[in-house]
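Residue-level structural notes
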Amino acid sequence: MPDLAIDVRGLVKHYGSTTALDGLDLQVETGTVAGFLGPNGAGKSTTIRILLGLHRASGGRAEVFGRDPFRDAVDLHRRLAYVPGDVALWPRLTGGQVIDLLLGLRGIKDAPRRAEMIERFELDPTRRASTYSKGNRQKVALVAAFAADTDLLVLDEPTSGLDPLMEAEFQRCTREAAGRGATVLLSSHILAEVQQLCDTVTIVRSGRTVLAGRLDELRSVTRSRLTATIASGAEALGRLEGVHDLEVDGDRVVCTIEDAATAEVVGAVAALAPSALTIEPPSLEELFLRQYGAAEDA
């Protein structure tokens, strides 16, 4: 059995007559970066609140490092850092004071990476929090999270309000944390970000898990996209098994192909003497949209 940092099975949460979670499953192996995807109302934030010990589950099981996140919240919070999508800070404190306070709550008096992270996120720590923009408030939380040597990072829309340069810095810091052995749970609406960072993905809908697994394995669920430049004869590709959505516009050919048919299709295209050929694996966005389209059809 894999060593799981997060183990959620059949999780249920009711708020009165409203069911927020209806048997959700989420497993995150230690030392991996896991994407947690779903639209607003899918149950992501409720799951995170239960993992942080802020809410008690109505049913099912949720464990963080093998412990109950509600009963053992104090001990577990020494091992994790949390960054929400909208950070609220003490307005009269400076950014540096907030960072020191957040680190001090974990018993950290001297964080070696504190100054480095402040510089990398281009944060002015001398300004009061009340003067910060949304992006700068996010930077304070990110600096405190990455400066601490935690075992688990729980990131819920962490780049909200950041510009593209800071988003890129966030991605570098996340990779470095994972390289040091930390586990990362990343909930994000930016699918390209998840695709670049995550080893595994869990997609949820209406409080249930609809798809989960390693990203490289999940890509086999959808078809690859083939684009080629062929002078003539491309229409014959449409008769091959495993070829779908064939479009021929002059000498430009575009279609999708099933993984099992890749060798045969590429051979057929090669026989037509293409001047250009590219095959792109399905993106996470395509995977996400196909799963939701399938769920709506059902």
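Everything here concerns the structure above.
What comes next is a walk through the structure.

1. Examining the sheet that holds strand E7 (residues 183-187)
In spatial order, the strands read E5-E6-E7-E3-E8-E9; together these six strands make up an open sheet with mixed pairing. A strand with exactly one partner marks an edge of an open sheet, and here the two such strands are strand E5 (80-83) and strand E9 (208-214). Going across the sheet, the axis of each strand differs from the next one's by a mean of 15°, ignoring polarity. Here E5 runs beside strand E6 (residues 152-156); their pairing, made up of four bridges, is parallel. When the bridges of E6 are listed, Val83 appears paired with Leu155. Helix H5 (residues 134-147) rests against E5 and E6 of the sheet, and its axis sits at about 170° to E5.

2. Details of empty space enclosed by the protein
Counted according to the given criterion, the structure contains one cavity of 30 Å³ or more. Its volume calculated, the largest cavity comes out at about 50 Å³. Every residue lining the largest cavity is listed: Arg113, Ala145, Phe146, Ala148, Asp149, Thr150, Leu153, Ala177, Arg180 and Ala182. Residues that form the lining of the largest cavity fall into these classes: six nonpolar, one polar and three charged.

3. Re the packing of aromatic side chains
Within the structure shown, the criterion is met by two aromatic pairs. Ring centres of Phe121 and Phe146 lie 6.3 Å apart, and the angle between their planes is 10°; this geometry places the pair in the stacked category. Placement of the pair is Phe121 in the loop between helix H4 (114-120) and H5 and Phe146 in helix H5, with a sequence separation of 25 residues. Taking the relative accessible area as the measure of exposure, Phe121 reaches 0% and is therefore buried. Put simply, the rings of Phe121, Phe146 and Phe170 pair up and form one aromatic cluster. Directly above the ring of Tyr15 sits Lys13, whose terminal nitrogen or CZ lies 5.1 Å from the centroid. For the cation-ring pair, Arg79 lies above Phe65, with the distance from its terminal atom to the ring centre recorded as 3.9 Å.

So, how was this worked out
- Residues numbered from 1 in each chain as written.
- Predicted model: local features only at pLDDT ≥ 70, side-chain atom pairs only at ≥ 80, totals over all residues.
- Heavy atoms only, no water.
- Pairing = 2+ DSSP bridges.
- Helix = DSSP H or I, 4+ residues; strand = E, 2+ residues; numbered from the N terminus.
- Axes fitted to C-alpha atoms, helices over the stretch in contact; angles between N-to-C directions.
- Contact = heavy atoms within 4.5 Å.
- 1 Å grid on protein atoms, 1.4 Å probe; cavity = no way out; pocket = protein on both sides within 12 Å on 5 of 7 lines; lining within 4 Å.
- Points joined across faces, edges and corners; volume = space filled by probe spheres on them.
- Nonpolar A, V, L, I, M, F, W, Y, C, P; charged D, E, K, R; others polar.
- Phe/Tyr/Trp six-rings, centres within 6.5 Å; stacked < 30°, edge-to-face > 60°.
- Buried < 20%, exposed > 50% of the residue type's maximum accessible area, 1.4 Å probe, protein only.
- Lys NZ or Arg CZ within 6 Å of the ring centre and 35° of its normal.

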